[in-house]
Amino acid sequence: MDGNTCLLRYFVAVAEEGSLTGAAERLFVSQPALTKQIRRLEDDLGVRLFVRSRSGMAPTEAGREFASRVPALLDSWDEAVRATGGAAQVLRLGFLDAGAVGAIPEVIAEFRQAQPKWRVELRQFDWSDPSVGLARGEVDAAVVRLPFPGQERLVVGELFVEERGVLLPARHPLANNKTVEFWELWDESFVAAGAETGAWRDHWLAAEERDGHPVRVGAVTSRPDEWLGAVAGGCVALAPASVARFHSHPDVVFRPVRGVSPSRVGLARPRERMHEAALDELLEAIVRRLIRS
């Protein structure tokens, strides 16, 4: 996120959600970190913006005045950045993993030839932010894995479906099976994303596909190296089939799983970024290429 607008975007989220908890979930940041940033903004301004209580965060008179002006200020900032030229001619495309990206680098290369004044930046995010930077305004669009919390605030189109399998320790009794039944994994300790990721975490634990059998979480991680390390250490993890092509570990194997739903890959953008010619052209090219492939 742009350092000049970071605190303002945090403020807007708290004002709109009415609570630190809701805003932290929306922004995919921890509540203590968000609290610290709001206090920093209040210190910078020299005024209290919120009254904190058990029921939430109520804006003070100064906070209400500030809230009435900040959205327009952010819109003006974004418009000024886009109109500046040079560094402003940048489209930022977020992604989580190489398996979801597919042929996008080729699309970007073709776009650059057709639109030489524009530069496209691919930005990779870890699993602590399943909105892939969109929730915090860090990218213009993103290749996402569905579902994730907050996607109803975005314009999301599905690109393709990818089967999920399981990462197992190489010494695991099921590691020699060609295919694993999901029920055989119900008593295993799973690698999970942080609790703040909500529906994203539940999906990758297949929490609703266990016939009520409880989930056992053995490790919480947000990065591929940590993820593989936790599996090598004795946990298991559901993963998209493409993980076998892009991530490896000598003590980890990937096996297909029966009885679990697939992963859906989509392309998402903010509703306020609709009908911008360069972004439209890039995203339409991505859709054509990935849906066709």
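Residues numbered from 1 in each chain as written. Predicted model: local features only at pLDDT ≥ 70, side-chain atom pairs only at ≥ 80, totals over all residues. Heavy atoms only, no water.

*Asks:* Explain the overall build of the protein to me, using residue names and the numbers behind them.
*Replies:* Scanning the protein for helices and strands turns up 10 helices and 13 strands. In terms of C-alpha radius of gyration, the protein reaches 21 Å, essentially the compact-globule figure of 19 Å for 293 residues. Projected onto its principal axes, the C-alpha positions of the protein cover 65 × 55 × 30 Å. Residue burial in the protein is summarised as follows: out of 293 residues, 48% are buried. (Helix = DSSP H or I, 4+ residues; strand = E, 2+ residues; numbered from the N terminus. Rg over C-alpha atoms; globule rule 2.2 N^0.38 Å. Buried < 20%, exposed > 50% of the residue type's maximum accessible area, 1.4 Å probe, protein only.)

*Asks:* Describe the pattern of salt bridges, listing the residues and the values that go with them.
*Replies:* For the structure on display, the rule yields 17 salt bridges. Its salt-bridge partner being Asp-140, residue Arg-92 comes within 3.1 Å of it at the nearest N-O pair. Taken together, the positions of Arg-92 in strand β3 (residues 90-95) and Asp-140 in the loop between β4 (119-124) and β5 (141-146) put the pair 48 residues apart, joining distant regions of the chain. Classification of Arg-92 by relative accessible area gives partly exposed; the value is 21%. Residues Glu-138 and Arg-136 are paired through a salt bridge, measuring 3.7 Å at the closest nitrogen-oxygen approach. (Salt bridge = Lys/Arg side-chain N within 4 Å of Asp/Glu carboxyl O.)

*Asks:* Would you mind going over the sheet that holds strand β8 (residues 180-181) in detail, with residue names and values included?
*Replies:* Taken together, the four strands give an open sheet; going across it, the order is β8-β12-β7-β11, and neighbouring strands pair in mixed fashion. Looking along the sheet, the strands with just one partner apiece sit at the ends: β8 and β11 (237-240). Direction of pairing for strand β7 (residues 164-169) relative to strand β12 (residues 252-258): antiparallel, over a ladder of five bridges. In the strand pairing of β12, Val-166 is matched with Arg-255. (Pairing = 2+ DSSP bridges.)

*Asks:* Help me get a handle on the nonpolar core, residues and values and all.
*Replies:* Counting residues in each nonpolar core, the largest one holds 46 residues, and the members touching the most others are Val-166, Leu-167, Leu-168, Phe-182, Leu-185, Trp-227 and Leu-238. The biggest single contributor to this core is helix α8 (residues 224-232), with five residues. When sequence neighbours within four positions are dropped, the list of residues in contact with Trp-227 reads Trp-127, Leu-167, Val-191, Thr-221, Ala-237, Leu-238, Ala-239 and Val-243. In this structure, Ala-100, Val-107, Leu-279 and Ala-285 belong to the second largest nonpolar core, which totals 23 residues. (Core = buried A, V, L, I, M, F, W, Y, C linked by side-chain atoms within 4.5 Å. Contact = heavy atoms within 4.5 Å.)

*Asks:* With reference to specific residues and values, describe the environment of Leu-73.
*Replies:* Note on placement: Leu-73 falls in helix α4 (residues 61-83). Overall, Leu-73 belongs to the partly exposed group, its relative accessible area being 47%. The spacing of Leu-73 and Ile-108 is 35 residues in sequence and 31 Å in space, taken between C-alpha atoms.

*Asks:* Quick one: what's the story with the packing of helix α2 (residues 20-27) against helix α3 (residues 31-45), residue by residue and with numbers?
*Replies:* Between two packed helices, what matters for the description is the angle formed by their axes and the separation of those axes. In the contact formed by α2 and α3, the axes pass within 9 Å of each other and the chain directions differ by 105°. As summarised for this structure, α2 and α3 are arranged roughly perpendicular, according to the angle between their axes. Seen from α2, the contacting residues are Leu-20, Thr-21, Ala-23, Ala-24 and Leu-27; seen from α3, they are Gln-31, Leu-34 and Thr-35. Considering only residue class, the contact of α2 with α3 consists of five nonpolar, three polar and no charged. (Axes fitted to C-alpha atoms, helices over the stretch in contact; angles between N-to-C directions. Parallel < 35°, antiparallel > 145°, perpendicular 65-115°, else oblique. Nonpolar A, V, L, I, M, F, W, Y, C, P; charged D, E, K, R; others polar.)

*Asks:* Tell me about the sheet that holds β3, and please be specific about residues and values.
*Replies:* The strands making up a sheet associate through backbone hydrogen bonding, with each pair oriented either parallel or antiparallel. Sheet architecture is open: five strands sit in the order β4-β3-β5-β13-β6, paired in mixed fashion. Two strands bound the open sheet, and with one partner strand each, they are β4 and β6 (154-162). If you compare each strand with its neighbour and ignore which way they point, the axes differ by 25° on average. Sheet analysis places β3 next to β4, joined by six bridges and oriented parallel. The residue bridging Val-90 from the neighbouring strand is Arg-119, located in β4. Sheet strands touched by helix α6 (residues 104-114): β3, β4 and β5. Its angle to β4, the strand with the most contacts, is close to 160°.

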